[in-house]
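Listed here are the chains, written in short residue letters.
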Amino acid sequence: MASLQNSPSLYHTLSSNSFPQMGLQRYRSSFPCCRRGFSFIVRAEQSWALSQVKSRRRQLIAVSVIAPWVSLFNQTSSSFAAETKKGFLLVTDKKDGYSFLYPFGWQEVVIEGQDKVFKDVIEPLENVSVNMFPTTKQDIRDFGPPQQVAETLIKKVLAPPSQKTKLIEASQHDVDGKAYYTFEFVAQAPNYTRHALSTISIGNGKFYTLTTGANERRWDKMKDKLHTVIDSFSVFNVVG
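Going along each chain's sequence as written, the residues are numbered from 1 onward. Reporting in this predicted model follows two pLDDT cut-offs: at least 70 for local features of residues, and 80 or more for side-chain atom pairs to be given and counted; totals over whole chains, interfaces and linings ignore these cut-offs and use all residues. Note that water and hydrogens are dropped before the side-chain values are worked out from all heavy atoms of the structure.

Q: Looking at this structure, how should I read the overall build of the protein?
A: Helix numbering and strand numbering both begin at the N terminus, where a helix is a DSSP run of H or I of at least 4 residues and a strand a DSSP run of E of at least 2. The secondary structure content of the protein amounts to five helices and ten strands. Counting the 240 residues in the protein, one finds 35% classified as buried. Residue burial is assigned from relative accessible area. The probe radius is 1.4 Å, only protein chains are included, and a residue is buried under 20% of its type maximum, exposed over 50%, and partly exposed in between.

See below:
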């Protein structure tokens, strides 16, 4: 696992019946010639009532069978939606406590110092990487406001010192009570410019960073996908 030794400032700052009873008595005494017909009506109503009871019983049985499945769906609907998002695959690291989506077609590669990296084999600047640093901080806000933390990370960790960098914007959002900083920046090298997005948060005693990006010339084509990657990043508590 990498450390923040190269960036000490960040490490330290960063239903009723149709005939009521009285009505029935009045109906029968007023029309004695119709008692047979009325008896037929009563039997018909009794038959109808029995059918309603049977129908309600079938409904209750159906509900008892379906309810557990509905409950299961509700419990997993958000993760299921993430897994089935068109054009993306889900990565969940239960050991380190994070998950995110990456575009279908990108391949996992191993890069020293990075926890996970997925990239496009044709456009190598189109990739996503996750890294973690140990920290004693409990909240990303303990390091300072979004812009300050973003600028420090870009200069000290996310881009080589030789590249010219520019922070475009930085913001904070909360998910399930956990704060995340998200920022956009460009890093200019002698032969290319990379347009990137990063999101950072703290959990499990770690400072998490997820960064994705593309060549500037392909930014307009890729930015929606890259925003999906960034927005999908989630840090969760590791059990055990």
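Once the structure has been displayed, the description carries forward.
Q: I would appreciate a short explanation of the sheet that holds strand 10 (residues 234-235) in the present structure.
A: Note on sheets: strands pair through backbone hydrogen bonds, and any given pair is parallel or antiparallel. In space, the three strands of this open sheet follow the order 1-2-10, with antiparallel pairing throughout. The sheet is open, and its two edges are formed by strand 1 (88-93) and strand 10, each paired on a single side. Contacts were defined at the residue level, with two residues in contact if any of their heavy atoms lie within 4.5 Å. Axis definition: a line fitted to C-alpha atoms, over the contacting stretch in the case of helices. Angles run 0 to 180 degrees between N-to-C directions. Sitting on the sheet, helix 5 (residues 219-232) touches strand 1, strand 2 (98-103) and strand 10, and the angle it makes with strand 2 is about 170 degrees. The rule for pairing is simple: two strands pair if DSSP sees at least two bridges between them.

Q: Mind showing me how you'd approach the pattern of salt bridges here?
A: Oppositely charged side chains can form a pair if their charged atoms are brought close together. A pairing counts as a salt bridge when a side-chain nitrogen of Lys or Arg comes within 4 Å of a carboxyl oxygen of Asp or Glu. For the structure on display, the rule yields six salt bridges. A salt bridge links Asp96 to Lys206, with the nearest nitrogen and oxygen atoms 2.7 Å apart. With Asp96 in the loop between strand 1 and strand 2 and Lys206 in strand 9 (residues 206-215), this pair connects stretches of sequence that are 110 residues apart. Residues Asp139 and Arg141 are paired through a salt bridge, measuring 2.7 Å at the closest nitrogen-oxygen approach. Taking the relative accessible area as the measure of exposure, Arg141 reaches 38% and is therefore partly exposed.

Q: Where do I start with unusual backbone geometry in this structure?
A: Residues other than glycine predominantly adopt negative phi, and peptide bonds predominantly adopt the trans conformation. Even without a glycine there, the phi angle at Asp176 is positive, about 55 degrees. Structurally, Asp176 is set in the loop between strand 6 (164-175) and strand 7 (178-188). Residue Asp176 is classed as exposed on the basis of its relative accessible area, which comes to 82%. Phi is positive for Asn204, which is not a glycine, with a value near 55 degrees. Topologically, Asn204 is positioned in the loop between strand 8 (193-203) and strand 9.

Q: What is the right way to read the sheet that holds strand 3 (residues 107-109) from this model?
A: Pairing within the open sheet is antiparallel, and its seven strands lie in the order 3-4-5-9-8-7-6. Both edges of this open sheet fall to strand 3 and strand 6, since each of them pairs with a single strand only. Adjacent strand axes in the sheet meet at a mean angle of 20 degrees when their direction is disregarded. Here eleven bridges tie strand 6 to strand 7, and the two strands are oriented antiparallel to one another. Bridge assignment links Glu169 to a residue of strand 7, and that residue is Glu184. Contacting strand 5 (127-134), strand 6, strand 7, strand 8 and strand 9, helix 4 (residues 146-158) runs over the sheet at an angle of about 130 degrees to strand 6.

Q: Can you help me understand the nonpolar core in this one?
A: When a protein is soluble and globular, its nonpolar side chains tend to lie buried together. In this description, a nonpolar core means a group of buried Ala, Val, Leu, Ile, Met, Phe, Trp, Tyr and Cys residues linked to one another through side-chain atoms lying within 4.5 Å. By size, the foremost hydrophobic cluster in this structure holds 23 residues, and its most contacted members are Phe100, Val128, Leu210 and Phe233. Those elements giving two or more residues to this core turn out to be strand 1, strand 2, strand 5, strand 9 and helix 5. Of all the elements, helix 5 adds the most residues to this core, at five residues. Aside from chain neighbours lying at most four places away, what touches Phe233 is Tyr98, Ser99, Phe100, Tyr180, Thr199, Tyr208 and Leu210. Among the nonpolar cores identified, the runner-up in size contains 17 residues, and Phe143, Ala150, Ile200 and Phe207 belong to it.

Q: Looking at this model, I keep getting lost on the pairing of strand 7. Mind explaining?
A: In summary, the side chains of a regular strand alternate between the two faces of the sheet. Taken across its eleven residues, strand 7 has nine buried, putting it largely inside the fold. The turn linking strand 6 back onto strand 7 is made up of two residues, and Asp176 within it adopts a positive phi angle of 55 degrees. Summarising the sheet, strand 7 and strand 8 pair through eight bridges and their orientation is antiparallel. Bridging across to strand 8, Phe183 finds its partner in Ser198. Between the end of strand 7 and the start of strand 8, which pair antiparallel, lie four residues.

Q: Can you walk me through the pairing of strand 5 in this structure?
A: Most of strand 5 is tucked away, with seven of its eight residues classed as buried. Summarising the sheet, strand 4 (residues 116-119) and strand 5 pair through four bridges and their orientation is antiparallel. If you follow Phe118 over to strand 5, its bridge partner there is Val128. Sheet topology places strand 5 next to strand 9; eight bridges connect them, and they run antiparallel. When the bridges of strand 9 are listed, Val130 appears paired with Leu210.

In short, the description is geometric, and any link to function would need to be established separately.
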